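# Remarks on the overall topology
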Amino acid sequence: MQDIPKYAVIVAGGSGSRMQSEIPKQFLLLNDKPILFYTIEKFYHFDSSIRLLLVLPQKDISYWHTLCLTYNFTIPIEVIAGGDSRYASVKNGLAYIAKQNTEALVAIHDGVRPLVKEQVISESFRIAEQKGSAVASVALKDSIRKIAEQSSENVPRNAYRLIQTPQTFLFSQIWSAFCSVSNSQELTDDASVYEKAGFQVFLIDGNYENIKITTPEDLKIALAFLK
């Protein structure tokens, strides 16, 4: 598939509750710049031809435009109103792509993962074009135990991976999955939707710095990585 279009759907629907902030976490400052700016810049600097789609709650869109003016943020990005869940927000982003192309590659990424490495983005597009999917993941470092009602048991950590984003797919397949699979609590990410639709999920190596910033501690860790 030569010259297949590439998209990045950046989902940023979080609140500031766990961050103990009235400002949604994706807009909080990281080293004097909103977190979301770093995330967008990673994809743009990797390949400026990628179509960047930012999915935000409707109530936050005006604030986003204000931030762009305040910080002179000029990277071209199309803003789409999200839904009442992450699943619905991703589907809104995919529906936008469905109007543009019959086939594409689409990377779905959390807006509050600003420290993804460009080589992870590159590999995700490369493998997704070959295999249909490429989901960033890292090996566990700690021991883990499976919890039963009144006990627990050790399980081998090398049998498990921690899942990150980007999660990158052939558009026709991930769109088909979202059109055929309804939202439920067991669907914790886009790969879960894809897999439930009958497609095979392929894992690639992510990077440990690619944390999801959700708490004040995460913000401190991200700042340390950034420096």
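Before reading further, recall that the structure is shown in the block above.
Since the structure is predicted, the reported quantities are computational estimates derived from the model, not experimental observations.

### Looking at the sheet that holds strand β3 (residues 78–81)
With respect to topology, seven strands assemble into an open sheet ordered β3-β2-β1-β4-β8-β5-β9, the strand pairing being mixed. Edge positions in the sheet fall to β3 and β9 (203–205), since each has one partner strand and no second. Taken over all neighbouring pairs, the strand axes of this sheet differ in orientation by 30 degrees on average, direction set aside. Note that strand β2 (residues 51–56) and β3 share four bridges and pair parallel. Looking at the pairing, Leu54 lines up with Val79 of β3.

### Digging into the side chain of Asp190
Positionally, Asp190 belongs in helix α6 (residues 190–196). On the basis of relative accessible area, Asp190 is assigned to the buried category, the value being 2%. At a separation of 2.8 Å, a polar atom in the side chain of Asp190 contacts the side chain of Arg86. Apart from the residues within four sequence positions on either side, Asp190 is in contact with Arg86, Val90, Ile108, Gln167, Phe169, Ile174 and Phe178.

### Structural notes on unusual backbone geometry
The omega torsion across Thr165 and Pro166 is 15 degrees, close enough to zero to call that bond cis. By secondary structure assignment, the location of Pro166 is in strand β8 (residues 161–170). Although it is not a glycine, Asn31 sits at a positive phi angle of roughly 55 degrees. Following the sequence through the fold, Asn31 ends up in the loop between β1 (6–11) and α1 (35–46). Of note in this structure, Asn72 is not a glycine but carries a positive phi near 50 degrees. Mapped onto the elements, Asn72 comes out in the loop between α2 (61–70) and β3.

### A look at the packing of aromatic side chains
Within the structure shown, the criterion is met by 10 aromatic pairs. Measuring from ring centre to ring centre gives 4.0 Å for Phe37 and Phe73, while their planes differ by 10 degrees; the resulting arrangement is stacked. Residue Phe37 is located in helix α1, and its partner Phe73 is located in the loop between α2 and β3; the two are separated by 36 residues in the primary sequence. With respect to burial, Phe37 and Phe73 carry one shared label: buried. Ring centres of Phe46 and Phe125 lie 6.2 Å apart, and the angle between their planes is 5 degrees; on these two criteria the pair is classed as stacked. Here the residue Phe46 occupies a position in helix α1, and Phe125 occupies one in helix α4 (residues 118–131), the gap between them amounting to 79 residues. Here Phe46 falls in the partly exposed class, since its relative accessible area comes to 25%. Connected via pairs of aromatic rings, a cluster forms that spans Phe37, Trp64, Tyr71 and Phe73. Here the guanidinium or amino end of Lys141 rests over the ring plane of Tyr208, the centre of that ring lying 4.1 Å away.

Parameters at a glance
Residues numbered from 1 in each chain as written. Predicted model: local features only at pLDDT ≥ 70, side-chain atom pairs only at ≥ 80, totals over all residues. Heavy atoms only, no water. Pairing = 2+ DSSP bridges. Helix = DSSP H or I, 4+ residues; strand = E, 2+ residues; numbered from the N terminus. Axes fitted to C-alpha atoms, helices over the stretch in contact; angles between N-to-C directions. Buried < 20%, exposed > 50% of the residue type's maximum accessible area, 1.4 Å probe, protein only. Polar contact = N/O pair within 3.5 Å; in protein donor to acceptor, adjacent residues only side chain to side chain. Contact = heavy atoms within 4.5 Å. Phe/Tyr/Trp six-rings, centres within 6.5 Å; stacked < 30°, edge-to-face > 60°. Lys NZ or Arg CZ within 6 Å of the ring centre and 35° of its normal.

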